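# Working through the structure, step by step
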Amino acid sequence: MSAAESATAVQRSQVDLLDFIDWSGVECLNQSSSHSLSNALKQGYREDEGLNLESDADEQLLIYIPFTQVIKLHSVVVMGSEEEGPKTVKLFANREHMGFSNVSDFPPSDTAVLSSDNLKGKPVVLKYVKFQNVRSLTIFIEDNQSGSEITKIQKIALYGSTVETTDMKGLKKIEDH
Amino acid sequence: MVLEATMICIDNSEWMRNGDYSPSRFQAQADAVSLICGAKTQSNPENTVGILTMAGKGVRVLATPTSDLGKILSCMHGLEMGGETNLAAGILIAQLALKHRQNKNQQQRIIVFAGSPIKHERKALEIIGKKLKKNSVALDIVNFGEEEDGKPEKLEALLGSVNNNDTSHMVHVPPGQNALSDVLISTPVFTGDGEGGSGFAAAAAAAAAAGGVSDFDFGVDPNIDPELALALRVSMEEERARQEAAAKKAAEEAQPQSESQNATSTATEKVSDPMDEDDLLKQAVALSMNIPGSDSSAGDAQMSEATNDDQELALALQMSMQDGSKDSSAPSDVSKVLGDQSFMSSILSSLPGVDPNDPNVKDLLASLLGQSEPQEKKDEDEQPKDDK
């Protein structure tokens, strides 16, 4: 029941928030330089199973995604392999410049433990009330399915809706007569 | 020009008293630190640098990352040597200091001066390196001073675990003639991954190589103070030109005979050759009044440049151009201008090396106002005066 509801919820009013990501501020700590965040986030790259986001020194990853406008986040999709895909995922809304040392300083807005269904593409529905006014999202991947040294993520997709905010580009200067 | 926050870890242990680097290891290290601070702040004004010491009673942060160069250099004064270096604690505390930097957009970098033996195990250093890499902190290691078995390998292991895309470097400086800072200037520690900072590094290298400031003209580095260097250069050239004009005038007065023979060739040459200042005077007046025909148009351009830069060159140009040319029309145009006494005296007083009260100059003026035959007479009159 809840699965059916969430599936229809995704179809109904939620859009893929890919267009609202502010790419200039996107950061990922502990990513491998050859397998970077774009492989998991960007259109086209994320569909390719051969291109993954991989961790470097250990299995944790810290991803920071700012948005160009305020959004409401409904659900996320995290896809990866059975063994090396992520397991515990913590999401923080509106926290800038987090580091691995302060992930435990405050509670996450939501936590998800990914099942194999999730890793195949089933969206994880979040606590919508916690993500009503999101300017930036921080995703902390704490560990992976098998406990290996490297975590591999094939795709990260965010679904939600936008809040009506002023589009600064649409503002025009008043012409002097 | 990358925006960076840097923490420099200084080794102030007992091993730094050794004199195998002149004047002492510690002093060489201090010089290198000052140069690094300068290079970092110059390559990007928003860069910040902090300092901590690793030995002594314990790791102590002397300055948190700041862009105030004076504060950084002042905290280097009065540092005591003693104790043993705690490399691991130093690096970790440096990382902590960088974590709390004010501008989170800055890249993080730690520069470590490893001058004493390392008491940590290789494994421990590798773990530290991984932690730095995970938090995207770059590390530069300066290996100098005490040479111990296994020290290079430990440092290599540390560098390997930190290094991400060649942002981290290690430099070995053996003891010897060259100062520590000189060796470091050419390394990526200064040049910052091959971009930026190299201007400062080149200037510093030139200054160091010359053993001081004397590598640049007038002892002023154009990189540091371009306006002062330019002002000094211009005033030097003006002084040189003035002295040349004065020397020429003295030479003419000593050789009236040879010049009077030249004067028989053409009318204008008679006027111009004995008195070089006359040439310059005519040129200056002609140019300022923008009189056409006083010279060819190409010559005008040449002359104007020549008079601005080198009066000797101008003289040579004019003489070569007047060879075989009938310039009789020019003096008549010029003479009208020359007739205006007040204008002439003001022009004369502004010319360097020309004294308006000089009898020779006065005669010149009079002669120019006249025709070519009176000019010959004047020349003969001038010769007895010159003989005096």
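With an unreviewed UniProt entry as reference, chain B is termed 26S proteasome regulatory subunit RPN10, source organism Hibiscus sabdariffa.

The name an unreviewed UniProt entry gives chain A is PITH domain-containing protein, with Hibiscus sabdariffa as the organism. Turning to chain A, the UniProt annotation filed under Sequence similarities (unreviewed entry) states: "Belongs to the PITHD1 family."

Now for the overall build of chain A. Each helix and strand in chain A was counted, giving three helices and ten strands. Each of the 177 residues in chain A was classed as buried or not, and the buried ones make up 47%. At a minimum sequence separation of 6, the contacts of chain A that also span at least 24 residues come to 81%. Here chain A has roughly 9300 Å² of accessible surface; of this, 48% comes from carbon and sulfur atoms.

The next thing to look at is the pairing of strand S4 (residues 61-79) of chain A. Residue and element names in this part refer to chain A. Counted residue by residue, S4 has 17 buried out of 19 residues, so it is predominantly covered. The pairing of strand S2 (residues 27-29) with S4 spans three bridges and is classified as antiparallel. Bridging across to S4, Cys28 finds its partner in Ile63. Bridge count between S4 and strand S8 (residues 134-141): seven bridges; the pairing is antiparallel. Directly across from Leu62, in S8, lies its bridge partner Phe140. Note that S4 and strand S10 (residues 155-162) share eight bridges and pair antiparallel. Counterpart to Val77 in the pairing with S10 is Ala157.

On to the side chain of Asn102(A). Residues and elements named next belong to chain A. Counting through the fold element by element, Asn102 comes out in the loop between strand S5 (88-93) and strand S6 (110-113). We classify Asn102 as buried; its relative accessible area is 18%. A polar contact of 2.7 Å, which involves the side chain of Asn102, links it to the backbone nitrogen of Gly99.

Let us now look at the interface of chain A and chain B. Tallying the contact residues gives eleven residues for chain A and ten residues for chain B. Interface area, chain A with chain B, both sides summed: about 900 Å², of which 46% is carbon and sulfur. Linking Asp58(A) and Lys134(B) is a salt bridge whose minimum nitrogen-to-oxygen distance equals 2.8 Å. Linking chain A to chain B there are four residue pairs in polar contact (both at pLDDT 80 or more). Of the residues that constitute the side of chain A that touches chain B, the class distribution is three nonpolar, five polar and three charged.

Here a ring pair, both rings aromatic, is described through the centre-centre distance and the interplanar angle of the planes. Residues and elements named next belong to chain A. All chains considered together, the criterion is met by four aromatic pairs over all chains. With centroids separated by 6.3 Å and ring planes inclined at 65 degrees, the aromatic side chains of Phe100 and Phe140 adopt a geometry described as edge-to-face. A residue pair is termed long-range when its members are at least 10 positions apart, and Phe100 in the loop between S5 and S6 and Phe140 in strand S8 qualify at 40 residues. Residue Phe100 shares its accessibility class with Phe140, and that shared class is buried.

Let us look at the pattern of salt bridges. This model, assessed by the stated rule, comprises 19 salt bridges over all chains. Between Glu126(B) and Arg122(B) there is a salt bridge, with the nearest N and O atoms lying 3.7 Å from each other. Separated by four residues within a single helix, Glu126(B) and Arg122(B) lie in helix H4 (residues 122-134), roughly one turn from each other. On the basis of relative accessible area, Arg122(B) is assigned to the partly exposed category, the value being 43%. Through salt bridges with shared partners, a single network forms among Asp16(A), Arg46(A), Glu47(A) and Lys155(A).

Next up on the list: the sheet that holds strand S1 (residues 4-10) of chain B. All names here are of chain B. Ordered in space as S3-S2-S1-S4-S5-S6, the six strands form an open sheet in which the pairing is mixed. In this open sheet, the two strands that pair with only one neighbour each are strand S3 (60-66) and strand S6 (169-172). For this sheet, the mean angle separating the axes of adjacent strands, direction not counted, is 15 degrees. In terms of strand pairing, strand S2 (residues 48-53) meets S3 through four bridges, oriented antiparallel. Its bridge partner lying in S3, Leu52 is registered against Val61. Running at roughly 155 degrees to strand S4 (residues 107-114), helix H3 (residues 87-99) makes contact with S1, S2, S3, S4 and strand S5 (137-143) of the sheet.

For the rest of this paragraph, the subject is the nonpolar core. Counting 34 residues, the largest nonpolar core has Ile65(A), Phe67(A), Leu73(A), Ile139(A) and Leu158(A) as the members making the most contacts within it. At eight residues, S4(A) tops the list of elements feeding residues into this core. Of all hydrophobic cores here, the second largest spans 30 residues; its members include Val33(B), Leu79(B), Phe144(B) and Leu180(B).

Another aspect to go through is the pairing of S5(B). All names here are of chain B. In terms of burial, S5 is a largely internal element, seven of the seven residues being buried. In this fold, S4 hands off to H4, which returns the chain to S5; that crossover is right-handed. Where S5 and S6 come together, four bridges link them in parallel fashion. In the sheet register, Asp140 faces S6, and the bridge partner there is His169.

Quick notes on the rules
- Residues numbered from 1 in each chain as written.
- Chains lettered and ligands numbered in written order.
- Predicted model: local features only at pLDDT ≥ 70, side-chain atom pairs only at ≥ 80, totals over all residues.
- Heavy atoms only, no water.
- UniProt positions renumbered as here; feature names shortened; annotations may be inferred.
- Helix = DSSP H or I, 4+ residues; strand = E, 2+ residues; numbered from the N terminus.
- Buried < 20%, exposed > 50% of the residue type's maximum accessible area, 1.4 Å probe, protein only.
- Contact = heavy atoms within 4.5 Å.
- Areas by Shrake-Rupley, 256 points an atom, 1.4 Å probe, with all protein chains shown as cover.
- Pairing = 2+ DSSP bridges.
- Polar contact = N/O pair within 3.5 Å; in protein donor to acceptor, adjacent residues only side chain to side chain.
- Buried area = accessible area lost by both parts, 1.4 Å probe.
- Salt bridge = Lys/Arg side-chain N within 4 Å of Asp/Glu carboxyl O.
- Nonpolar A, V, L, I, M, F, W, Y, C, P; charged D, E, K, R; others polar.
- Phe/Tyr/Trp six-rings, centres within 6.5 Å; stacked < 30°, edge-to-face > 60°.
- Axes fitted to C-alpha atoms, helices over the stretch in contact; angles between N-to-C directions.
- Core = buried A, V, L, I, M, F, W, Y, C linked by side-chain atoms within 4.5 Å.
- Right-handed = clockwise from strand over helix to strand, strands pointing away.

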